[in-house]
Amino acid sequence: MAIQKYKGHLALLGAAIMWGLMSPIGKTALENGISGLSLATFRMTGGAICFWIASIFAPKEQVKPHDLMMLFFAGLLGIVLNQGCFTFGLSLTSPIDASIVTTTAPIDASIVTTTLPIVTMIVAAIYLKEPVTGKKVIGIFLGSIGALTLILSSQGSTDGKGGSIPGDLLCLAAQISFSFYLAIFKGLISKYNIFTLMKWMFTYAAICFIPFSYHEVSAIHFQEISTSTWACVAYVIVGGTFLAYILMMIGQKTLRPTVISMYNYVQPIVGTSVSILLGMGTFGLAKGIAVALVFTGVYIVTQSKSREQMLAEQAAKKE
């Protein structure tokens, strides 16, 4: 069991790194003729194609009709609403507001957020009866302070653009939808292999999303897009979606929702590190403290007791 947990932690760390790289790589695509809505569509359709191809080589599984319906709702919460709400929200709010609510760049409409672990802890407490322990609260607090410090210390000019309440609320809704996905579908995730789950979730997501993005995708002048830009899009599909979601699902099979959500705090570290390596930023004391706070927060949350552990301790005391 301990080996499986270590495997889960390593998988989530790998996913966080891949998602963190989405910011600088995706920004290149967004600045060269690919809109955010189009890129989100490429992620969903490309992800669906990759997972269907991979499923050919995976063990064959028969998915029950009820579970197929549940996978539709899982794709709706974990992919469509998460990416869709963030994409529309970002178009209405300012970059700095979106960063505080979601701590992500325009490309990453899926996960990195300062609010996600907090919301996930609340949802898990209500839906899964997971205890809200002192360690969880302290760990999430330290991680959020670290992530916000990193964002604000790296934040440049906002070009005079202000935020908007509707935009901020949409960005927050994206994180809430993913929190519900982590808590509600934990049982379903353990029933099937990763490729079976992901091929259906991404297929449903693409079917739901394409009607809203068709006009933007069809308006792209494909012949004018450079090879390097398509290479960035390819990374978004293969690295930031296909491989990253495989790693996330490995972690989701063995770790608690709150622990999973804490790894989102690693992504701003990756994005900042890349910007420093590319000469787009500098490393100072504030960033060093922020990184230390993030990893300290993640560690503290992983040390908190689960519902099963608390129930076992209570049963032992009664004996």
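The structure contained in this document is the topic of the report that follows. (Residues numbered from 1 in each chain as written. Predicted model: local features only at pLDDT ≥ 70, side-chain atom pairs only at ≥ 80, totals over all residues. Heavy atoms only, no water.)

Observations concerning the overall build of the protein
A count of helices and strands for the protein gives 14 helices and zero strands. Along the protein, helices (α) and strands (β) appear in the sequence α-α-α-α-α-α-α-α-α-α-α-α-α-α when read from the amino end. Residue burial in the protein is summarised as follows: out of 319 residues, 50% are buried. Carbon and sulfur atoms form 70% of the exposed surface of the protein, whose accessible area is close to 14600 Å². (Helix = DSSP H or I, 4+ residues; strand = E, 2+ residues; numbered from the N terminus. Buried < 20%, exposed > 50% of the residue type's maximum accessible area, 1.4 Å probe, protein only. Areas by Shrake-Rupley, 256 points an atom, 1.4 Å probe, with all protein chains shown as cover.)

With respect to helix α9 (residues 194-218)
Spanning 25 residues, α9 covers only 32 Å between terminal C-alpha atoms, well under the ideal 36 Å at 1.5 Å per step. Its maximal kink placed at Phe-212, α9 deviates by approximately 60°. With a side-chain oxygen lying 3.0 Å from the backbone nitrogen of Phe-195, the N-terminal cap of α9 falls on Asn-193. (Expected span 1.5 Å × (residues − 1). Bend = angle between axes of the 7 residues up to and from the residue. Polar contact = N/O pair within 3.5 Å; in protein donor to acceptor, adjacent residues only side chain to side chain.)

Observations regarding the packing of aromatic side chains
Taken as a whole and judged by the stated rule, the model has eleven aromatic pairs. On the basis of an interplanar angle of 35° and a centroid distance of 6.1 Å, the ring pair of Tyr-181 and Phe-185 is categorised as tilted. Note on accessibility: Tyr-181 and Phe-185 belong to one class, buried. Three or more aromatic residues joined by ring pairs form one cluster here, namely Phe-51, Phe-195, Phe-202, Phe-242 and Tyr-245. (Phe/Tyr/Trp six-rings, centres within 6.5 Å; stacked < 30°, edge-to-face > 60°.)

Some words on the pattern of salt bridges
The tally for this structure, following the rule as stated, stands at one salt bridge. Two residues, Lys-191 and Asp-67, come together in a salt bridge whose shortest N-O distance is 2.9 Å. Of the two residues, Lys-191 is situated in the loop between α8 (186-189) and α9 and Asp-67 in helix α3 (residues 65-92); the sequence distance between them amounts to 124 residues. (Salt bridge = Lys/Arg side-chain N within 4 Å of Asp/Glu carboxyl O.)

Examining the packing of α9 against helix α10 (residues 227-254)
Describing two packed helices takes the angle between their axes plus the distance from one axis to the other. Relative to each other, α9 and α10 sit at 125°, their axes nearing to 10 Å. Relative to α10, the element α9 is oriented oblique. Viewed along their axes, α9 and α10 form a crossing whose handedness is right-handed. Residues Ile-194, Phe-195, Leu-197, Met-198 and Phe-202 of α9 form the contact with α10, whose own contacting residues are Thr-241, Phe-242, Tyr-245, Ile-246, Met-249, Ile-250 and Lys-253. Per-class residue counts for the contact of α9 with α10 are ten nonpolar, one polar and one charged. (Axes fitted to C-alpha atoms, helices over the stretch in contact; angles between N-to-C directions. Parallel < 35°, antiparallel > 145°, perpendicular 65-115°, else oblique. Left-handed = near helix turned anticlockwise from the far one by under 90°. Contact = heavy atoms within 4.5 Å. Nonpolar A, V, L, I, M, F, W, Y, C, P; charged D, E, K, R; others polar.)

Quick word on the side chain of Ser-177
Of note, Ser-177 is situated in helix α7 (residues 165-184). Apart from the residues lying within four places of it in its own chain, the contact partners of Ser-177 are Leu-77, Leu-81 and Asn-82.

Description of the nonpolar core
Soluble, globular proteins show a tendency: their nonpolar side chains are buried together. In terms of nonpolar packing, the biggest core is built from 65 residues, with Ile-34, Phe-42, Tyr-181, Met-198, Tyr-245, Met-248 and Met-249 touching the most fellow members. Those residues in contact with Tyr-181, other than ones at most four positions away along the chain, are Ala-74, Leu-77, Gly-78, Ile-189, Met-198, Met-201, Met-248, Met-249 and Gln-252. (Core = buried A, V, L, I, M, F, W, Y, C linked by side-chain atoms within 4.5 Å.)

With respect to α10
With 28 residues, α10 extends 39 Å between its outermost C-alpha atoms, agreeing within 8% with the 40 Å of an ideal straight helix rising 1.5 Å per residue. A maximum bend of about 35° is found in α10 at Ala-244.

Examining the environment of Met-248
Within the secondary structure layout, Met-248 lies in helix α10. Separated by 54 residues in sequence, Met-248 and Ile-194 place their C-alpha atoms 9.6 Å apart. Other than its neighbours up to four places away in sequence, Met-248 contacts Leu-12, Ala-15, Trp-19, Phe-178 and Tyr-181.

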